[in-house]
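# Residue-level structural notes
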Amino acid sequence: MNKALSLLAVLMTGLCVYLLSQAFAALSSDSGLGGLPSAGEQMASPSKTNEPRLAQAELTPAAELHTDNTSQPDTRPTIQVKTRPSWRLDAALAEHLDRLLTQAQAGDAEAAYVLGMNLRRCYGVPVDEETYAQRLQQAYDNKADNSSVVNLQLNYQFCLGVSEQQRKEFYVLLAKAAAKGMVPAQEFIAAMVPERYMELIEAAELPREDYIRQRDTFVLQQKSWLEDAAAHGSLQAMVRLAQQNYYQQDGPDGRLKAYAFNQLILNFTDDNELYSRYDRYQHNLQQQLTAEQIAKALEMTEHWTQSVNQNGSLYPF
């Protein structure tokens, strides 16, 4: 009996404690006090309650935090920086002439380029000793600077033994190299003055219509090779195309096309000076073009960029 009463007393005491704790919790909630700080914590001061809290939407789900370490294939285009071949020879041209000509005739584009550039160096240099002596005397009479005299002497010695007709063949060889996709040859021919080309092929005395037709055919060939060089990453070609279009030398929408090629240069050059110059040109052109024209120009730039990436080569300026 006594044990039963004792157990009943314990149960009643526990029930009273539980009821009192519930009443106190309700009182605290109604008064806005919230929960009391635990041991070691301090009450938050009202002046410190303005700290920003991370909104629920800003929380990153755990699944998004997972990092997949599985290696993925690199699909970025690989661009190979190309070095233009050195065409200068270490001995007189006559010593290399037969070898280079044989290689060029066998289809070696680089040999055709090297030989063409050296024959171009000799084009206009005196062929015989009498003409050389006359040119040298003219240089002295005109008080030419010493470097001009030295260059005349060096070129004459370098070109000895190469006939005038062979020297005129430089364009044929460079055109052969350009047709095979030799970018430096394409760059050189694109820079030729059409009237000089007409003199080279002795077409200056053609009837006017024939002269214009042949000159225009050459200009179209220049453009074709220039664009091919640009598509293979020639910054020189990109610059020439930008300039030609800016000065309206290549049909309608010149300024729009100039903007496209300016941007192409910015996409590929790592030359700080060149980048700054063409970035400035872009800002100037933005004042001359509409938003629609700029959008169209950038579409052209994207097309050219894809071509350069696909060809995988870059020739610095």
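Structure: above.
Throughout what follows, the structure given in this document is the object of discussion.

Conventions and cut-offs
- Residues numbered from 1 in each chain as written.
- Predicted model: local features only at pLDDT ≥ 70, side-chain atom pairs only at ≥ 80, totals over all residues.
- Heavy atoms only, no water.
- Core = buried A, V, L, I, M, F, W, Y, C linked by side-chain atoms within 4.5 Å.
- Buried < 20%, exposed > 50% of the residue type's maximum accessible area, 1.4 Å probe, protein only.
- Helix = DSSP H or I, 4+ residues; strand = E, 2+ residues; numbered from the N terminus.
- Contact = heavy atoms within 4.5 Å.
- Disulfide = S-S within 2.5 Å.

## A few points about the nonpolar core
Counting residues in hydrophobic clusters, the biggest one holds 43 residues, and the most contacted among them are Leu 93, Tyr 113, Tyr 171 and Ile 189. Where this core is concerned, the elements lending two or more residues are helix 3 (93-105), helix 4 (109-122), helix 5 (129-141), helix 6 (146-159), helix 8 (170-179), helix 9 (183-190), helix 10 (194-200) and helix 11 (208-231). Broken down by element, this core gets its largest block of residues, 9 residues, from helix 4. If sequence neighbours within four positions are ignored, Ile 189 has contacts with Tyr 171, Leu 174, Ala 175, Ala 178, Phe 218, Gln 222 and Trp 225. Membership of the second largest hydrophobic core comes to 23 residues, among which are Ala 190, Leu 241, Leu 266 and Leu 314.

## Description of the state of the cysteines
The tally for this structure, following the rule as stated, stands at 1 disulfide. Across the disulfide, Cys 122 is cross-linked to Cys 159 (sulfur-sulfur distance 2.0 Å). Handedness here is read from the sign of the S-S torsion; for Cys 122 and Cys 159, about -90°, the answer is left-handed. Of this pair, Cys 122 sits in helix 4 while Cys 159 sits in helix 6; the two residues are 37 residues apart in sequence, bridging distant segments of the chain. For the pair formed by Cys 122 and Cys 159, the shared burial category is buried.

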